[in-house]
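Secondary and tertiary structure notes
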Amino acid sequence: MLIQGFCVLNFTSSSQNLPLDTIELNGEYIVLYENNIWAYTISPEEHKREVALTKGMDLFRNYWNNDITFACSYPDPGPIPDTITLILTDTKRKFVMPYYGRINSGFGWRSGRKHNGLDIDLKRGAPVKSAFDGKIRYAKFNDGGYGNLVIIRHFNGLETYYSHLNEINVKPNEIVKAGQIIGTGGNSGARWTGEHLHFEMRWMDHPFDPLKIIEYDSLRLFSDTLILTKSDFVMKQSHKAYLSYINGQAVANNAKTSPAPASTAAASSNTRTSYRVHPSEVPNYHTVKKGDTLSGIAYRYGTSVDALCRKNGLTKTSVLQIGQKIKIK
Ligand SMILES: [Zn+2]
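In this text the structure is predicted, and so the values were computed from the model without any measurement.

**Quick notes on helix 5 (residues 305–312)**
- Along helix 5, the positions that sit buried rather than exposed are Val 305, Ala 307, Leu 308 and Cys 309.
- Following helix 5 by one or two positions, Gly 313 has its phi on the positive side, about 60 degrees.

Below you can see the structure in the form of structure tokens.
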């Protein structure tokens, strides 16, 4: 069955749009038309499900604008329905965390202003990936504060925002897959802060907390399905409370695995050594730097002080030397 966005193509009314080419993308066929519209083919069951979920909206034509950030609410902001149910992932469509790093700032109120996403610490040039399959709706410099910004609309209608990029690697209307590198991290448009990825999730322009769906330390989604209610769009969480939750978790983790005094654990949670490294990037060895503690190193690489002691012939009270190599794996 041939569908366009989520609507069945009516061949009589679209006969003026001649198909130019067909592309295969991971088992799905995408048909390009001469007026730059594209369509793709999926199974009838999938089609039925998606039309039901999106109430027949053609996601890649309605409110489609390459120049406006909040395309759905322009010129009129739409109302938020009581409940929205969306399929996030399935056997064909997966999720990839755009970048994994310490979250410096969460979704919530910050200094009396709304902070609509997550600020994820990164270094300039770090690859930033698309969270889901989708189509690039916006890819250029935004002088409203986002800096170099990419907005991707996904097949369930959600949009993700990737802001303060150093470089943009995609063009508007390009189709991207989950995990595809869409740009590199930086601090464009971020006047007072360092390099970070500002990452937002929005439904019909309304932002909600990405951590509602992402189980951050495992880099998985809580569920394949997302149920959003009106209250998810209300920014009730205070930024401070959120930060203490993140730090609290780090401190609690350290405290569990180490007899180190609370002050050491608390201090190490504020240094780069306490950032948790993605499991796939855990190195064989860690070279001790100033301020490193066994508990900090254990937290960073997702292991325990006991395991580090065993592997390295250390005791919990061993003094670490700067430059010393600690076996991690
Ligand atoms: Zn931010």
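**Side note on the sheet that holds strand 11 (residues 127–129)**
- Across the sheet, which stays open at both edges, the three strands sit in the order 11-17-15 with antiparallel pairing between neighbours. Looking at strand neighbours, the two that pair on one side only are strand 11 and strand 15 (167–168), the edges of this open sheet.

**Focus: the coordination of the zinc ion**
- Looking at the zinc ion, one finds its protein donor set to be His 115 (NE2), Asp 119 (OD) and His 198 (ND1), positioned 1.9 to 2.1 Å from the metal centre.
- One chain supplies every donor for the zinc ion, spaced along it as H-x3-D-x78-H. You can see Asp 119 sitting in strand 10 (residues 118–121) and its partner His 198 sitting in strand 18 (residues 196–203), a full 79 residues away along the chain. Comparing Asp 119 with His 198, the two get one shared label, buried.

**So, the side chain of His 154**
- By the secondary structure assignment, His 154 is in strand 13 (residues 147–154).
- His 154 gets classed as buried once you look at its relative accessible area, which sits at 1%.
- A distance of 3.5 Å separates the side chain of His 154 from the backbone oxygen of Phe 132, its partner in a polar contact.
- Contact partners of His 154, with chain neighbours within four places excluded, come to Leu 59, Phe 60, Ser 130, Phe 132, Asp 133, Gly 134, Glu 159, Thr 160 and Tyr 162.

**Remarks on the environment of Ile 322**
- Within the secondary structure, Ile 322 sits in the loop between helix 5 and strand 24 (325–327).
- Classification of Ile 322 as exposed rests on a relative accessible area of 63%.
- Residues Ile 322 and Val 288, spaced 34 residues apart in sequence, show a C-alpha to C-alpha distance of 5.0 Å.
- In this structure Ile 322 touches Val 288, Lys 289 and Lys 290, once residues within four positions along its chain are discounted.

**A few points about the pairing of strand 10**
- Burial along strand 10 is two-sided: Leu 118 and Ile 120 facing one way and Asp 119 and Asp 121 facing the other are all buried.
- As judged from the two bridges shared by strand 7 (residues 103–105) and strand 10, these two strands associate in the antiparallel manner. Note that in strand 10 the partner of Ser 105 across the bridge is Asp 119.
- Pairing analysis gives four bridges linking strand 10 to strand 18, with the strands arranged antiparallel. Note on strand 18: the bridge partner recorded for Asp 119 is His 198.

**Looking at the pairing of strand 18**
- Most of strand 18 is tucked away, with eight of its eight residues classed as buried.
- Side chains His 196, His 198, Glu 200 and Arg 202 project from strand 18 onto one buried face, and the interleaved Leu 197, Phe 199, Met 201 and Trp 203 project onto a second face that is buried too.
- Of the pairings in the sheet, the one linking strand 14 (residues 158–165) to strand 18 comprises six bridges and is antiparallel in character. Across the sheet, the residue bridging to Thr 160 is Met 201, located in strand 18.

**Here's the deal with the confidence of the model for the protein**
- Looking at the protein, pLDDT values average 75 and 67% of them are 70 or higher.
- Highest mean pLDDT in the protein belongs to strand 15 (98); lowest belongs to strand 2 (residues 7–8) (29).
- Of the regions scoring below 50 in pLDDT, residues 1–16 engages in 49 contacts with residues more than four places distant in sequence or in other chains.

**As for the nonpolar core**
- Core analysis: the largest hydrophobic core is formed by 38 residues, its most contacted members being Val 150, Tyr 162, Ile 182, Phe 208, Ile 213 and Ile 214.
- Of all the elements in the fold, those that place two or more residues in this core are strand 6 (83–87), strand 10, strand 12 (134–142), strand 13, strand 14, strand 18 and strand 22 (225–229).
- The leading source of residues in this core is strand 18, at four residues.
- Those residues in contact with Phe 208 that sit more than four places away from it in its chain are Phe 107, Leu 158, Met 201, Arg 202, Trp 203, Ile 213, Leu 226, Leu 228, Asp 232 and Phe 233.
- Residues Val 282, Ile 297, Cys 309 and Leu 320 belong to the second largest nonpolar core, which totals 13 residues.

**Digging into the pattern of salt bridges**
- By the definition in use, this model includes nine salt bridges.
- Measuring nitrogen to oxygen at the nearest pair gives 2.5 Å for the salt bridge that ties Glu 159 to Arg 137. With Glu 159 in strand 14 and Arg 137 in strand 12, this residue pair connects regions lying 22 residues apart in the sequence. You'll find Glu 159 and Arg 137 in the same group, each marked buried.
- For Glu 200, the salt bridge is made with Arg 202, and the minimal N-O distance between the two is 2.6 Å. Accessibility assignment for this pair places Glu 200 and Arg 202 in one class, buried.
- Several salt bridges share partner residues, and in doing so they unite Arg 137, Arg 153 and Glu 159 into one network.

How each quantity is defined
- Residues numbered from 1 in each chain as written.
- Predicted model: local features only at pLDDT ≥ 70, side-chain atom pairs only at ≥ 80, totals over all residues.
- Heavy atoms only, no water.
- Buried < 20%, exposed > 50% of the residue type's maximum accessible area, 1.4 Å probe, protein only.
- Helix = DSSP H or I, 4+ residues; strand = E, 2+ residues; numbered from the N terminus.
- Pairing = 2+ DSSP bridges.
- Donors = N, O, S within 2.8 Å, 3.2 Å for Na, K, Ca; no water.
- Polar contact = N/O pair within 3.5 Å; in protein donor to acceptor, adjacent residues only side chain to side chain.
- Contact = heavy atoms within 4.5 Å.
- pLDDT = per-residue confidence, 0-100.
- Core = buried A, V, L, I, M, F, W, Y, C linked by side-chain atoms within 4.5 Å.
- Salt bridge = Lys/Arg side-chain N within 4 Å of Asp/Glu carboxyl O.

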